[in-house]
Amino acid sequence: SHIIAPAVATGNTVVAKPSEMTSVTAWMMCKLLEEAGFPPGVVNMVFGTGPRAGDALVGHPDVPLVSFTGSTATAQRITERSAPFCKKLSLELGGKNPAIVFSDADLDQAVTTTVRSSFSNQGEICLCTSRIYVERSIYPEFLKKFVAATREWKTGSPSDPDNNNGALVSREHLEKVRSFVTLARSEGATVLCGEGEDPLVLPERNTSGYFMRPTVITGVAESSRVMQDEIFGPVVCVNPFDGEDEAVAKGNGVRYGLAATVWTRDVGRVHRVARRLEAGLVWTNCWLVRDLNLPFGGMKNSGVGREGGRDSYHFFTEVKTITVKH
């Protein structure tokens, strides 16, 4: 929907292909567009898999631009397929977003917000925190408070308002997320809470669902796939750091560059660290505070281009120069 709105507002028609895992919500949006009075043919929804429906759309000569949200691997395929047609591309891809917590941070606020930034929507938000770096002097205290707060984050039926998280999107995805926890254990890391550590008690009707408790892991090597690959689930790794330079180096030490969060009371440090971090969005002492007029997008393998406000306007339109001689 965040792509459809600016595309239509700038005078385009849209062909949208949702993930095959989210077809129902896309269909429901079509019903709402119809109810809102959109003329037939302005927004067209095509359902199907990436290799069939998606590939046909991306490789069609009558599609002048492609805006895609998804994996880096799929984006590489889209780039290859669209290159012969010189299509405009906007690619919003994965993230492996760091939170950097300095010793002068408001610790309670940092813990509360970082639990939310790590585990909201089962960690299935591209902007979720998946790596937490904590200055060594406060590392033990942060870890103790963070694990305690994580254990309070409730997982279960989404129809129960007391629950924070529901189920992951599919059985295959749940197995993938769990495999990262298994890998971390096999490499000698410590799982402090969540998967395999705390029981998950579900109502009878939900016991076969794809639920997983928020999981906190320490002692993961920076080179591990657990630290380098996007997991896209309720799993976060916590490691200590010494000094600003090391914090920035660790924050930048992955191929992704979508978002980052910095926790400190030092305004000078906020500006220094935010400037050095390779991320399209940097939050300081907060998370997911959005102004839809501001640019949204990532660096490195997290994407190409920016969307939102003026950037969306430029992407969904073409500049034309007309010279008239009198």
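Everything numeric in this text was worked out from a predicted model, so none of it was measured.

Scoring rules and cut-offs
Residues numbered from 1 in each chain as written. Predicted model: local features only at pLDDT ≥ 70, side-chain atom pairs only at ≥ 80, totals over all residues. Heavy atoms only, no water. Phe/Tyr/Trp six-rings, centres within 6.5 Å; stacked < 30°, edge-to-face > 60°. Lys NZ or Arg CZ within 6 Å of the ring centre and 35° of its normal. 1 Å grid on protein atoms, 1.4 Å probe; cavity = no way out; pocket = protein on both sides within 12 Å on 5 of 7 lines; lining within 4 Å. Points joined across faces, edges and corners; volume = space filled by probe spheres on them. Nonpolar A, V, L, I, M, F, W, Y, C, P; charged D, E, K, R; others polar. Patch = residues over 30% accessible without salt bridge, like charges linked within 9 Å, V, L, I, M, F, W, Y side chains within 5 Å. Areas by Shrake-Rupley, 256 points an atom, 1.4 Å probe, with all protein chains shown as cover. Salt bridge = Lys/Arg side-chain N within 4 Å of Asp/Glu carboxyl O. Buried < 20%, exposed > 50% of the residue type's maximum accessible area, 1.4 Å probe, protein only. Helix = DSSP H or I, 4+ residues; strand = E, 2+ residues; numbered from the N terminus. Polar contact = N/O pair within 3.5 Å; in protein donor to acceptor, adjacent residues only side chain to side chain. Contact = heavy atoms within 4.5 Å. Expected span 1.5 Å × (residues − 1). Domains from an automatic or database assignment. Buried area = accessible area lost by both parts, 1.4 Å probe. UniProt positions renumbered as here; feature names shortened; annotations may be inferred. Pairing = 2+ DSSP bridges.

**A few points about the packing of aromatic side chains**
Each aromatic ring pair is characterised by the separation of its centres together with the angle its planes make.
Move 1: The final tally for this structure, using the stated rule, is four aromatic pairs.
Move 2: Through pairs of rings, three or more aromatic residues link up here, namely Phe 119, Phe 142 and Phe 146.
Move 3: Lying across the ring of Phe 85, Lys 87 places its NZ or CZ 5.1 Å from the centre.
Move 4: The ring of Phe 102 has Arg 269 lying over it, and the distance from NZ or CZ to the ring centre is 4.3 Å.

**Side note on the layout of surface pockets**
Move 1: Estimates place the volume of the second largest pocket at around 200 Å³.
Move 2: Around the second largest pocket sit Gly 280, Leu 281, Val 282, Trp 283, Val 289, Arg 290, Asp 291, Leu 294, Pro 295 and Arg 306, which together line it.
Move 3: Of the residues belonging to the lining of the second largest pocket, the class tally is six nonpolar, one polar and three charged.

**Some details on a nonpolar patch on the surface**
Move 1: Among the surface-exposed residues, Val 24, Trp 27, Met 28 and Phe 47 lie close enough to one another that they form a single nonpolar patch of about 430 Å² accessible area.
Move 2: For Trp 27, a relative accessible area of 48% puts it in the partly exposed group.

**Considerations on the pattern of salt bridges**
Move 1: Scanning all chains against the criterion turns up 17 salt bridges.
Move 2: Glu 34 is paired through a salt bridge with Lys 31; the nearest N and O atoms lie 3.7 Å apart. Here Glu 34 pairs with Lys 31, and both are found in helix H2 (residues 23–36), just three residues apart, close to one helical turn.
Move 3: Residue Glu 34 is classed as exposed on the basis of its relative accessible area of 56%.
Move 4: A salt bridge links Lys 300 to Glu 278, with the shortest nitrogen-to-oxygen separation between them at 2.7 Å. In this pair, Lys 300 sits in strand E13 (residues 299–300) while Glu 278 sits in the loop between helix H10 (267–276) and strand E12 (281–284), placing the two residues 22 residues apart along the sequence.
Move 5: The structure contains a network of salt bridges with shared partners spanning Asp 104, Glu 244, Arg 269 and Arg 272.

**Comments concerning the side chain of Ser 157**
Move 1: Topologically, Ser 157 is positioned in the loop between helix H6 (139–151) and helix H7 (171–186).
Move 2: In this structure Ser 157 comes out as buried when scored by relative accessible area, which is 7%.
Move 3: Side-chain polar atoms of Ser 157 contact the side chain of Ser 159, separated by 2.7 Å.
Move 4: In contact with Ser 157, not counting residues within four places along its chain, are Asn 163, Arg 205, Asn 206 and Phe 211.

**Section: H2**
Working note: α-helix, 3.6 residues per turn, so residues spaced by three or four point in the same direction.
Move 1: Taking 1.5 Å as the rise per residue, H2 with 14 residues should run 20 Å; its terminal C-alpha atoms sit 20 Å apart, in good agreement.
Move 2: Gly 37 lies just past H2 and shows a positive phi near 100°.

**Focus: empty space enclosed by the protein**
If a probe the size of a water molecule is rolled over the atoms, the empty space left behind becomes visible.
Move 1: Tallied over the entire structure, the rule returns three cavities of 30 Å³ or more.
Move 2: Considering the residues around the largest cavity, the lining is formed by 15 residues, among which Gly 95, Gly 123, Cys 128, Ser 130 and Phe 232 are closest to the centre.
Move 3: Looking at the lining of the largest cavity residue by residue, the classes come out as six nonpolar, seven polar and two charged.
Move 4: Roughly 70 Å³ of volume is contained in the second largest cavity.
Move 5: Around the second largest cavity sit 16 residues that line it, and Pro 98, Gly 251, Tyr 256, Gly 257 and Glu 278 are the ones nearest its centre.
Move 6: Elements represented by at least two residues in the lining of the second largest cavity include exactly strand E5 (97–101), strand E10 (256–257) and strand E11 (259–263).

**A few points about the domain arrangement of the protein chain**
Move 1: Split by domain assignment, the protein chain resolves into domain 1 (3–93 + 302–316) and domain 2 (97–284).
Move 2: Distance from the C-alpha centre of domain 1 to the C-alpha centre of domain 2: 30 Å.
Move 3: Every contact between the two is made by six residues of domain 1 and, on the other side, seven residues of domain 2.
Move 4: For the pair domain 1 and domain 2, the two sides together bury roughly 550 Å², of which 57% comes from carbon and sulfur.
Move 5: Broken down residue by residue, the surface that domain 1 buries against domain 2 is led by Met 21, Glu 92 and Ser 302, which jointly contribute 68%.

**Observations regarding the UniProt feature "active site" (unreviewed entry) in the protein chain**
Move 1: UniProt's feature table lists "active site" (unreviewed entry) at Glu 92, given in the numbering used throughout.
Move 2: If sequence neighbours within four positions are ignored, Glu 92 has contacts with Phe 68, Thr 69, Gly 70, Cys 126, Leu 258, Phe 296 and Ser 302.

**Examining the pairing of strand E8 (residues 215–218)**
Move 1: Across the two faces of E8 the burial is the same, with Thr 215 and Ile 217 and Val 216 and Thr 218 all buried.
Move 2: Of the strand pairs in this sheet, strand E7 (residues 190–193) and E8 are connected by three bridges, and their pairing is antiparallel. Residue pairing across strands places Thr 190 opposite Thr 218, the latter belonging to E8.
Move 3: Here four bridges tie E8 to strand E9 (residues 235–241), and the two strands are oriented parallel to one another.

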